[in-house]
Each structure stands twice: as structure tokens, then as C-alpha cells.
Amino acid sequence: MDKKIHSAVNWVVLLFVITACVVSLAMIDAFAQWHVVLTYALPIPALGLLFTSYRLALQGEDRSSIPIRWIGWMYMLGGISFDMAATIIHSPDLSQEMNPIARILLDSGHALSFVYIYGFVMQGILLIFYCILWAGFLRHNRLYLKSVYQLGSRSYWFFFKAATGGGNLTWRQWLLPISLNDLPSAYHILWFTAPYLVLGSATYRYLLGLQWFDLFPFVNRILLGGTILGLAFLIEMIWLRYVYTGLKDTKMNSGTNTGSGISF
């Protein structure tokens, strides 16, 4: 793999982990005295994540999916906008807001206007990150699937293992990593995760917005989010099965194109 791509992926993963750690620490009671500081610090790794993910997305070479790119962008924009609008309509003073970061600011006495500004900025960063990740997935799709097939052409399950970063790992290493050498490929993990992460998250935001309007109000949010991600994971497994079958048929028929839209 190109060294620039390898470096960009490592930076994306590192900053994503840092951002996730900051959010996680801000939700742990043991770090309550640091919650406000962590909330103020959160935009720093988040902005770094935007920059590095943008660099990575630009290194993809496939530009043939512009309509799909825009459909994904509009879907994500709609989900975040709908959830935010529903929140403002039903709880303009944010007294019922459950977002842990917003609650830190509200409960620590910050002005409502500041919380609104902070919220809009962070939601904007999140939306841009999702859009970049979606565009990057589409631009890297050909390279990603080509490398996956090269590593896992023996069967669908080898193909799936390669798609989730285990192409160069044994089954034991993939299922039970116990050392640094057992870690999966960051590049493959990223592009396997990206589509169901961004689209699943957008779907979750639509459903959160609907909850404000008392539709399925008794559904636990954690259960709801887990169900959506589980379904998205299942859909991606089916898609990978379709792609693998298409690529296998392509190889057997001397490199002709397939319905997967991928040609090597």
C-alpha cells in the first residue's frame, strides 16, 4: 500500500481514538472535575480528525459515484438536522436534552446561548466528518475491494476476514488478538466500518427525532442504536457477499465487468 495512504490512515485512526477517549472520559463520574475542561478540549482532536480524514479521502482514485455521494450526504444532513430541530421544538431550553456533552455545559452553569453555539459547531464538525468519511469510502472503494479480494479470494469467509482487516492474519489472530502483531489492518477496518457507521448513525438520528414526537417513546436509546448498527452490519455482510460473487465470476470470465461495478 502507498506510504502516504498508510500514514493518513494511521493519523485518522489515532485522532479518532483520541476524540473517542475525550468523549468517554467526559462521561465517567470519576473524572467529573475534568468534564468541563475535556468538553472545551474536544474540538481540537475533532478538527484534526477532519483534516486527516480529508487528506485520506483525496488519495482515493474512484470518482464515478457522485450521485451516491450526494445521496449519502443529504441523508446524513437530514438525520442530524431533523434530530436537532426536533430537540429545539420540544425543549428549546434544552432541559430535556440527554446528550452528555451538552448536559455537562448546562449543568455547570454555562449560558444557554453558549451551549447552542457549541452544539451547532460540534454537530457541524460531526456532519462534515461523516460526509468526508462517506466520500472517502466511495473514492477508495475500488482499491479497498481489490486488495480484499487479493487477500481473501479462497472463499467468502476468507474475503470477509480480509475485508475486516484480517487478510494477513491467521484465524486465531483475527478472532483472538493477543499481541500487537495480531492487530488488523487499519486501512481495511476503516473502510469496512465507514459505511455502516455513517449511514447507521444518520438513521439513528432520524429515529431520535421521531422519539421527540412520541413515536416509540419507550424504546431504549442504547438498544435502538445497537439494533441499527447490527442491521447495518448485516446489510454490509450481504453486500460483501454480492461483491465477492461478482469478483469471483469476473476472474472466471477473463476480467469482464460485474454488477459490483468493480473492475481490476
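Residues numbered from 1 in each chain as written. Predicted model: local features only at pLDDT ≥ 70, side-chain atom pairs only at ≥ 80, totals over all residues. Heavy atoms only, no water.

Visitor: Help me get a handle on helix α9 (residues 186-212), residues and values and all.
Guide: Along its 27 residues, α9 runs 37 Å from first to last C-alpha, staying within 8% of the 39 Å computed at 1.5 Å per residue. The positive-phi residue at the C-terminal boundary of α9 is Asp214, with phi of around 65°. (Helix = DSSP H or I, 4+ residues; strand = E, 2+ residues; numbered from the N terminus. Expected span 1.5 Å × (residues − 1).)

Visitor: A description of a nonpolar patch on the surface should follow, citing residues and the corresponding values.
Guide: A contiguous nonpolar patch, built from Trp157, Trp171, Leu175, Leu176 and Ile178 and spanning about 580 Å² of accessible area, is present on the exposed surface. By the element assignment, Trp157 lies in helix α7 (residues 156-166). (Patch = residues over 30% accessible without salt bridge, like charges linked within 9 Å, V, L, I, M, F, W, Y side chains within 5 Å. Areas by Shrake-Rupley, 256 points an atom, 1.4 Å probe, with all protein chains shown as cover. Salt bridge = Lys/Arg side-chain N within 4 Å of Asp/Glu carboxyl O.)

Visitor: How would you summarise the environment of Phe137 if you had to cite specific residues and measurements?
Guide: Topologically, Phe137 is positioned in helix α6 (residues 112-152). It is 7.5 Å that separates the C-alpha atoms of Phe137 and Ala57, two residues lying 80 residues apart in sequence. Ignoring anything within four residues of it in the chain, the contact list for Phe137 reads Trp191, Ala194, Pro195 and Trp239. (Contact = heavy atoms within 4.5 Å.)

Visitor: Quick rundown of the environment of Gln59? Include the residues and the values.
Guide: Mapped onto the elements of the fold, Gln59 is located in the loop between α3 (43-58) and α4 (66-90). Between the C-alpha atom of Gln59 and that of Lys4, which follows or precedes it by 55 residues, the distance is 8.2 Å. Excluding residues within four positions of it along the chain, Gln59 makes contact with Lys4, Ile5, Ala8 and His140. For Gln59, the side chain forms a polar contact with the main-chain oxygen of Arg55, separated by 3.5 Å. (Polar contact = N/O pair within 3.5 Å; in protein donor to acceptor, adjacent residues only side chain to side chain.)

Visitor: Hey, could you go over the packing of α6 against α9 for me, with residue numbers and the actual values?
Guide: Angle between the axes and distance between the axes: these two values describe a pair of packed helices. The interhelical angle for the contact between α6 and α9, taken along N-to-C directions, is 140°, at an axis separation of 7 Å. The angle between the axes of α6 and α9 places the two elements in the oblique class. The hand of the α6/α9 crossing is left-handed. Grouping the amino acids of the contact of α6 with α9 by side-chain chemistry returns 18 nonpolar, six polar and one charged. (Axes fitted to C-alpha atoms, helices over the stretch in contact; angles between N-to-C directions. Parallel < 35°, antiparallel > 145°, perpendicular 65-115°, else oblique. Left-handed = near helix turned anticlockwise from the far one by under 90°. Nonpolar A, V, L, I, M, F, W, Y, C, P; charged D, E, K, R; others polar.)

Visitor: Mind laying out the packing of α7 against α9, listing which residues take part and the relevant values?
Guide: One can describe the packing of α7 onto α9 by two numbers: an axis separation of 7 Å at closest approach and a directional angle of 105°. Between α7 and α9, the angle falls in the class roughly perpendicular. Across the interface between the two elements, Phe160, Ala162, Ala163, Thr164 and Gly165 of α7 pack against His188, Ile189 and Phe192 of α9. Among the residues making up the contact of α7 with α9, the classes are represented as five nonpolar, three polar and no charged.

Visitor: If you had to explain unusual backbone geometry to someone new, which residues and values would you point to?
Guide: A positive phi angle, close to 60°, is found at Leu94, a residue other than glycine. In this fold, Leu94 is placed in the loop between α4 and α5 (100-107). A relative accessible area of 8% places Leu94 in the buried class. (Buried < 20%, exposed > 50% of the residue type's maximum accessible area, 1.4 Å probe, protein only.)

Visitor: Explain the side chain of Ser53 to me, using residue names and the numbers behind them.
Guide: When you line up the elements, Ser53 lands in helix α3. Looking at Ser53, its side chain comes within polar contact range of the main-chain oxygen of Leu50, at 3.0 Å. Ignoring sequence-local partners within four residues, the contact set of Ser53 consists of Val12, Phe129 and Ile132.

Visitor: Give me the lowdown on the pattern of salt bridges, citing residues and values where you can.
Guide: Per the stated rule, a full pass over the model turns up three salt bridges. Between Arg205 and Asp83 there is a salt bridge, with the nearest N and O atoms lying 2.6 Å from each other. Residue Arg205 is found in helix α9, and its partner Asp83 is found in helix α4; the two are separated by 122 residues along the sequence. Taking the relative accessible area as the measure of exposure, Arg205 reaches 12% and is therefore buried. For the salt bridge of Arg103 with Asp107, the shortest nitrogen-to-oxygen distance reads 3.0 Å. Residue Arg103 and its partner Asp107 are both found in helix α5; the two are separated by four residues, about one turn of the helix. Residue Asp107 is classed as exposed on the basis of its relative accessible area of 60%.

Visitor: Hey, could you go over the nonpolar core for me, with residue numbers and the actual values?
Guide: Formed by 60 residues in total, the largest nonpolar core has its most connected members in Leu56, Tyr144, Phe159, Trp191 and Leu240. In terms of residues, this core owes the most to one element, α6, which gives 18 residues. Look past the residues within four positions of Phe159 in its chain and what remains in contact with it is Leu145, Val148, Tyr149, Gly152, Leu240, Val243, Tyr244 and Leu247. (Core = buried A, V, L, I, M, F, W, Y, C linked by side-chain atoms within 4.5 Å.)

Just distances and angles here, no functional claims.
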